[in-house]
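Spelled out, the chains give:
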Amino acid sequence: MVMLHAHALRPEPEVLLDLWSLDELKGVRRTSDMLEIGAAEPYTGIIASPEVQLHLPALAAAAHTIGAAQIQNRGTLGGNLANASPAGDTLPVLLAYDAVVVTDRRSIAIDEFFTGYRKTALQSDELITAVRFPLGRQVTFRKVGTRAAQAISKIVMAVSRSPARIAIGSVAEVPLRARRAEAALERGDVDGAIAAVAEDIRPIDDVRSTAVYRRTVTQNVLRELLDGPHSPSTPTVPAFLPRR
Ligand SMILES: Cc1cc2nc3c(=O)[nH]c(=O)nc-3n(C[C@H](O)[C@H](O)[C@H](O)COP(=O)(O)OP(=O)(O)OC[C@H]3O[C@@H](n4cnc5c(N)ncnc54)[C@H](O)[C@@H]3O)c2cc1C
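What you are looking at is a predicted structure, and each value in this text was computed from that prediction instead of being measured.

Procedures and definitions
Residues numbered from 1 in each chain as written. Predicted model: local features only at pLDDT ≥ 70, side-chain atom pairs only at ≥ 80, totals over all residues. Heavy atoms only, no water. Helix = DSSP H or I, 4+ residues; strand = E, 2+ residues; numbered from the N terminus. Buried < 20%, exposed > 50% of the residue type's maximum accessible area, 1.4 Å probe, protein only. Arc of directions from axis to C-beta. Contact = heavy atoms within 4.5 Å. Pairing = 2+ DSSP bridges. Axes fitted to C-alpha atoms, helices over the stretch in contact; angles between N-to-C directions. Polar contact = N/O pair within 3.5 Å; in protein donor to acceptor, adjacent residues only side chain to side chain.

A.B. asks: Before we move on, can you summarise unusual backbone geometry with the specific residues and values?
C.D. replies: The step from Arg-10 to Pro-11 runs through a cis peptide bond, and the omega angle for that step is -5°. Tracing the sequence through the fold places Pro-11 in the loop between helix 1 (2-5) and strand 1 (28-30). The linkage connecting Ser-162 with the following residue, Pro-163, adopts the cis geometry, with an omega of 0°. Residue placement: Pro-163 occurs in the loop between strand 9 (155-160) and strand 10 (165-169). The phi dihedral of His-7 is positive, around 50°, even though this residue is not glycine. Accessibility expressed as a relative area gives 49% for His-7, which makes it partly exposed.

A.B. asks: So what's going on with helix 8 (residues 179-186)? Residues and values would help.
C.D. replies: Among all positions of helix 8, only Ala-181, Glu-182, Ala-184 and Leu-185 are buried. Projected down its long axis, helix 8 shows its buried positions confined to an angular sector of 160°, all on one face. For helix 8, the exposed residues lying more than 90 degrees away from the buried face are Arg-180 and Glu-186. Turning to helix 8, the residues buried within the fold contact strand 9, strand 10, strand 11 (176-177), helix 9 (190-200) and helix 10 (211-227).

A.B. asks: How would you sum up the environment of Ser-209? Please name residues and give values.
C.D. replies: Topologically, Ser-209 is positioned in the loop between helix 9 and helix 10. Judged by its relative accessible area of 9%, Ser-209 falls in the buried class. Remark: the alpha-carbon pair of Ser-209 and His-5, spanning 204 residues in sequence, is separated by 24 Å. Every residue in contact with Ser-209, bar those within four places of it in the chain, is listed here: Lys-154, Ile-204 and Arg-214.

A.B. asks: So what's going on with the sheet that holds strand 8 (residues 139-144)? Which residues, and what values?
C.D. replies: Within the open sheet, the four strands sit side by side as 8-9-10-11. Their pairing is antiparallel. In the strand order of this sheet, the two ends are held by strand 8 and strand 11, each with one partner. Where strand 9 lies against strand 10, five bridges are found, and the strand directions are antiparallel. In the sheet register, Met-157 faces strand 10, and the bridge partner there is Ile-168. Those strands touched by helix 10 are strand 8, strand 9 and strand 10, and its axis lies near 30° from that of strand 9.

A.B. asks: Account for helix 4 (residues 57-64), naming residues and giving values.
C.D. replies: The buried fraction of helix 4 is high, at six of eight residues. Three or more residues of helix 4 are buried, namely Ala-58, Leu-59, Ala-60, Ala-61, Ala-62 and Ala-63.

A.B. asks: Let's hear about the side chain of Thr-76: which residues, and what values?
C.D. replies: Structurally, the position occupied by Thr-76 is in the loop between helix 5 (69-74) and helix 6 (77-83). Within the structure, the side chain of Thr-76 is placed 3.0 Å from the backbone nitrogen of Gly-79, a separation counted as a polar contact. When neighbours within four sequence positions are excluded, Thr-76 is seen to be in contact with Trp-20, Ala-39, Ala-40, Glu-41, Pro-42 and Tyr-43.

A.B. asks: I'd love a proper account of the pairing of strand 9, names of residues and values included.
C.D. replies: Counting buried positions along strand 9 gives six out of six residues, so the element sits mostly inside the fold. Along strand 9, one buried face is formed by Ile-155, Met-157 and Val-159 and the opposite face, lined by Val-156, Ala-158 and Ser-160, is buried too. Sheet analysis places strand 8 next to strand 9, joined by six bridges and oriented antiparallel. When the bridges of strand 9 are listed, Thr-140 appears paired with Val-159. In this antiparallel pair of consecutive strands, strand 9 and strand 10, the connection spans four residues.

Purely geometric numbers; function is a separate question.
Structure below.
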């Protein structure tokens, strides 16, 4: 809808398919070893779900930072995925949980989903129906933006200690896993992970931030998530660097 309003879609679509009334694409379902969230479940439903709060608190925290109430009421997990913005706030969380994207025809590991800037492994006529999350993983989340609401992230991060997963958005053309940092964390080397993460990311200067800021804050946030006591539901708090 954002692209449509900006007349950025070429060719401009003549027909739109509205998924909103398809109840089959909504809801949160639990099985013995996973939680499944419908692709058309809006963020408000994710935030309010007791199952999500219990098993995937980092996802509830991420959904809570998206836009503001109006966007949370209408925006969906499937839309955030297919939109594939490097700044999509749920996407590092999905990477940290090793989520699986379920479509009308197959399952796609989240690791293989983002193929380039705003590009995904989806076929042009492929519908995301749900996202599956394994149970029992502890993931923490932090978004750094200019404000506490209506802020596109300068960086956004989700971390699991075991298995080691360090997933970051707004620091490359895709939401990425910091593989060198993960390898250090897997060895229990926290300082090594913080040093290595600067090599894993490819930040740029843009309207929201600078590459220098992003690199520095990525390391600071990783230290905070690995060192400090942290609740996965910590809301967005702007982080600032001292003036140069
Ligand atoms: C004011 C504003 C503030 C925002 N703030 C944030 C923010 O802070 N953080 C953030 O991450 N995002 C933000 N967004 C972006 C928004 O959250 C995402 O674009 C949203 O999740 C998209 O969901 P949607 O269901 O509305 O998708 P749509 O906008 O309807 O669709 C987006 C794309 O996904 C495709 N798509 C949607 N559902 C499916 C499906 N089930 N299967 C296959 N393809 C599908 C559509 O065809 C389209 O290409 C903001 C948007 C606005 C307008």
